[in-house]
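Listed below are the residues making up each chain.
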Amino acid sequence: MKQDPQNKGVNAHSKDKQLEEFRMDNTGKKLTTNQGVKVSEDEHSLKAGSRGPTLMEDFHFREKMTHFDHERIPERVVHARGFGAHGYFQVYEPMTEYTRAKFLQDPSVKTPVFVRFSTVAGSRGSADSVRDARGFATKFYTEEGNYDLVGNNIPVFFIQDAIKFPDLVHSFKPEPHNEMPQASTAHDTFWDFAANNTETAHMIMWTMSDRAIPRSFRMMEGFGVHTFRFVNELGKARFVKFHWKPVLGTHSLVFDEAQKLAGKDPDFHRRDLWESIEMGDYPEFELGVQMIEEEDEFSFDFDILDATKLWPEEMVPVKIIGKMTLNRNQDNVFAETEQVAFHPGHVVPGIDFSNDPLLQGRLFSYTDTQLIRLGGPNFHELPINRPVCPFHNNQYDGYHRMTINKGPVAYHKNSMQNNDPSPATAEEGGYVHYQEKVEGRKVRQRSDSFKDHYSQAKMFWNSMSEVEKQHMIEAFRFEVGKVQNKDVKQQVVDMFSNVDSFLAEQIARGVGAKVPEAVNESKVTLSSPALSQMNTAKSPKTRKVAILAENGFSYSEVKSVMEALKSAGIMPEIVSKNLGMIKGDGGELEVVKTFLTSHSVMYDAIYIAGGKESAESLKKVPQAKEFVSEAYKHFKTIAFGGEGAELLPAEAMDTLGQSQTLSEMGIVEIKSGDASASENLINSIAMHRHWGRAI
Ligand code: HDD
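Residues numbered from 1 in each chain as written. Predicted model: local features only at pLDDT ≥ 70, side-chain atom pairs only at ≥ 80, totals over all residues. Heavy atoms only, no water.

## Regarding the nonpolar core
For clarity, the threshold we go by: Residue types Ala, Val, Leu, Ile, Met, Phe, Trp, Tyr and Cys, when buried and joined through side-chain atoms within 4.5 Å, form a set referred to as a nonpolar core. Any residue under 20% of the maximum accessible area for its type is buried, any over 50% is exposed, and the rest in between are partly exposed; the area is computed with a 1.4 Å probe on protein chains only. For the purposes of this entry, the term helix denotes a DSSP run of H or I that reaches at least four residues, the term strand denotes a run of E that reaches at least two, and both are numbered from the N terminus. Where each domain starts and ends follows an automatic or database-derived domain assignment.
If you look at the biggest cluster of nonpolar residues, it comprises 53 residues, and the most contacted ones within it are Trp 191, Ile 204, Met 205, Phe 476 and Phe 496. Sorting the residues of this core by element identifies α3 (165–172), α4 (188–196), α5 (201–207), α10 (455–463), α11 (466–481), α12 (486–496) and α13 (501–511) as the ones contributing at least two each. Taken domain by domain, this core gets at least three of its residues from each of domain 1 (82–381) and domain 2 (461–534). Core analysis: the next-biggest nonpolar cluster, separate from the first, contains 37 residues, Phe 103, Leu 104, Phe 117 and Leu 273 among them.

## Focus on the UniProt feature "binding site: heme" (unreviewed entry) in the chain
Short version of the rule: UniProt positions are given in the numbering used here, feature names are shortened, and annotations may be inferred rather than shown by experiment. Only heavy atoms matter for contacts: two residues are in contact if any of them lie within 4.5 Å across the pair. Polar contact is the term for a pair of N or O atoms within 3.5 Å; when the atoms are in protein, one must be able to donate a hydrogen and the other to accept it, and sequence-neighboring residues count only if both atoms are side-chain atoms.
Within this structure's numbering, the places UniProt gives as "binding site: heme" (unreviewed entry) are Arg 76, Arg 116, Phe 165, Arg 362, Tyr 366 and Arg 373. By secondary structure assignment, the location of Phe 165 is in helix α3. With respect to the element layout, Arg 373 can be found in helix α9 (residues 357–373). Residue Arg 373 is classed as buried on the basis of its relative accessible area, which comes to 3%. Residues contacting Arg 373, with those up to four places away along its chain left out, are Ile 73, Pro 74, Glu 75, Arg 76, Glu 338, Gln 339, Val 340 and Ala 341. Within the local environment of Arg 373, its side chain forms a polar contact with the backbone oxygen of Glu 338, the two atoms lying 2.7 Å apart.

## Some thoughts on α3
This is how it is decided: Regarding the arc, it is the one traced by the directions from the helix axis to the C-beta atoms.
Taken together, the buried positions of α3 are occupied by Leu 168, Val 169, Ser 171 and Phe 172. Buried residues of α3, viewed axially, fall in a sector of 160°; they line one side. Residues of α3 that are buried make contact with α4.

## Considering the domain arrangement of the chain
As a reminder of what qualifies: By buried area we mean how much accessible surface two parts lose on assembly, using a 1.4 Å probe and totalling the loss over both. By definition, a salt bridge exists where a carboxyl oxygen of Asp or Glu is found within 4 Å of a side-chain nitrogen of Lys or Arg.
When cut into domains, the chain gives domain 1 (82–381), domain 2 (461–534) and domain 3 (538–693). Across the contact, 30 residues belong to domain 1 and 27 residues belong to domain 2. When domain 1 packs against domain 2, the two sides together hide about 2,400 Å² of surface, and 66% of this comes from carbon and sulfur. At the boundary of domain 1 with domain 2, the tally comes to 0 salt bridges. Our count for the domain 1 to domain 2 interface comes out at 11 residue pairs in polar contact (both at pLDDT 80 or more). Contributing elements (two or more residues each) for the side of domain 1 that touches domain 2: α4, α5 and α6 (255–264). Element by element, the count of residues in the side of domain 1 that touches domain 2 is highest for α4, at 6 residues.

## Describing unusual backbone geometry
Both trends apply: most residues other than glycine have a negative phi, and most peptide bonds are in trans. A cis geometry characterises the amide bond from Met 180 onward to Pro 181, with omega recorded as -10°. Checked against the element boundaries, Pro 181 lands in the loop between α3 and α4. Backbone torsion omega between His 412 and Lys 413 reads 0°, so that peptide bond is classified as cis. Following the sequence through the fold, Lys 413 ends up in the loop between α9 and α10.

## Quick notes on the site of the ligand
Definition in use: By convention in these notes, a residue is near a molecule or strand provided one of its non-hydrogen atoms lies within 4 Å of it. Each residue is assigned to one class: nonpolar for Ala, Val, Leu, Ile, Met, Phe, Trp, Tyr, Cys and Pro, charged for Asp, Glu, Lys and Arg, and polar for all the others, Gly among them.
Around the ligand, the surrounding shell holds 23 residues, and the nearest of these are Arg 76, Arg 116, Arg 362, Tyr 366 and Gln 370. Contact distances for the ligand include 2.8 Å between an oxygen atom and a side-chain N or O atom of Arg 76. Put simply, the parts of the chain that give the shell around the ligand at least two residues each are β3 (134–142), β4 (145–152) and α9. In terms of residue count, α9 provides more of the shell around the ligand than any other element does, 7 residues in total. Residues belonging to the shell around the ligand are distributed by class as follows: 11 nonpolar, 9 polar and 3 charged.

## Brief notes about the side chain of Glu 221
Here Glu 221 lies in the loop between α5 and β5 (222–223). For Glu 221, a relative accessible area of 5% translates into the label buried. A polar contact of 2.6 Å, which involves the side chain of Glu 221, links it to the side chain of Arg 211. If we ignore the near neighbours within four places in the chain, the residues touching Glu 221 are Phe 136, Asn 152, Asn 153, Arg 211, Trp 244, Lys 245, Pro 246, Thr 250 and Glu 313.

Right under this line is the structure:
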């Protein structure tokens, strides 16, 4: 592997170019062993006679089988299920005032990135749509080395000190005696841990909210969670928190839909990411930073080193500083998604740490885990992990070493090699740690300023709309309702009575626990509108619409709606009883999915085509009716043309003719020749869901 000796600069293609040297294409090639010997036969092992025993000398068989036997590596101990994509990041304006990080200086530079999205609790083969936090890890291949922003889609964490991480993870993973349940916190040990470690309260509010069931990786926020530092050229530091804001807005599934998707399409999120990139609908996320001056460290009623606290955006505004675009799918999931090794300790000059005790512990854990997962200390040489700038040091040997270091000298200081590789000064780009003054006794303690576990949990609750609150109550009732141990259930209810008495009462009623009498709920009245997804950006782009049609559908109507949807960046698909072509009055269209190969949970909206014959035959298909009623139940836009109305659920039928109510309910009538109909449909789809049906 050649390195660019001059390090002439990094551009959006630098990583792709580097990976190209490792790509292998088997098309048109002869089959060989790993030693390059051509293989003449690949279906029969070498035997002593066609019915005799297999011979040890069959080197092809032995090599093929041995390699297969060793194909698996340990899955990640958390975040095992993930999916990655390549792209680039561009800063909007120089950030010189705040940080010396080179990739944040020049708006014309495109820094290559690789992002891995993940769930946390489930195994590698678990479903995408489960209720869980999502990992959002970004590797920036900068000209000064790799910078990893290893975040989640939730801005706070369950615990305050890394020493509790193994306990937390043991509590939410499947229980050790029977390995159940998979990819779910809805079981005794998690809630037992929660109730006995009340610092979890705030993050639990998030995981019980719609944030834990995102509609798409492309529609969720990302957070660096910890407080980091920006350090500028003059050595001045500021505390900083990182945010990713999806350009399409932050949107979620509804829980019933998420659960059904886990069976109908366990790959829902990775498919969505893969397909959108294949179709050129590149996911985009803006990078934002919240900054606090060092002298304001103690100006807040929470400790800025406590990872269970966020900085309300209305208090500390998010400055948008750049944009990431994911524009290339990986070539090989194992080589890239599985072998990528992130680490919050991979920083570049200009970005530094804080004393957050959760972050401090993470700085140990990530390299340690790669050693077992990737089998040795040379995982940085794997193509996906290599920096795009040169790297030189005296670390030699170890399993799977690929670099061939020349010469006898592997130590510093030396005279035989002119002291090379030699340390760089700050001016030459050397990383200089921020000189924070630290003193104290060695104690196993937590600061008193970390003791408030409920104020921000309450702020989160205050910030939710009525619909979002209702979703949270249902999520709590589901999760705690699955707990077998009555004492644990009661402990959970008692714990959340410290957040909000109504919430605690609702959980208690749902799970058969006692409504706490002595309520000590948080007095916090603050709310943060930025936390409610009701206030997010809305866009119809990349939404998927199922068009339900059968022979005899109204061709001109469907054709004009399809064209309007496509030009708004929406993806329509014809769903019918059978694959093939269906005939309308005036033309044919191709059916791409059937009621067996798809389901309304896979779409954002549906449209029942007009046409008497089409509606009549759809009415005879039970799955077609279910398709519509499920879409209605999941608050999705439902459009219909003419006789398509006959498939609408009874509740929707009642409102027909009352155009005001219709649009509030997310029901759109497509009248032939009415140009505004498609526009209404597009606007309705952009709303994401129509909660008017809920109450
Ligand atoms: Fe972690 C993986 C995010 C706390 C230890 N973590 C991992 C991944 C993400 C996060 C996104 C998957 C990276 C990938 O896609 O490969 N972790 C977080 C966040 C945390 C956090 C946002 C809190 C703010 N993690 C945390 C703590 C520890 C770890 C406190 C241990 C002290 N995390 C790990 C790990 C993993 C990991 C065991 C498993 C696989 C890996 O690192 O590469 O080391």
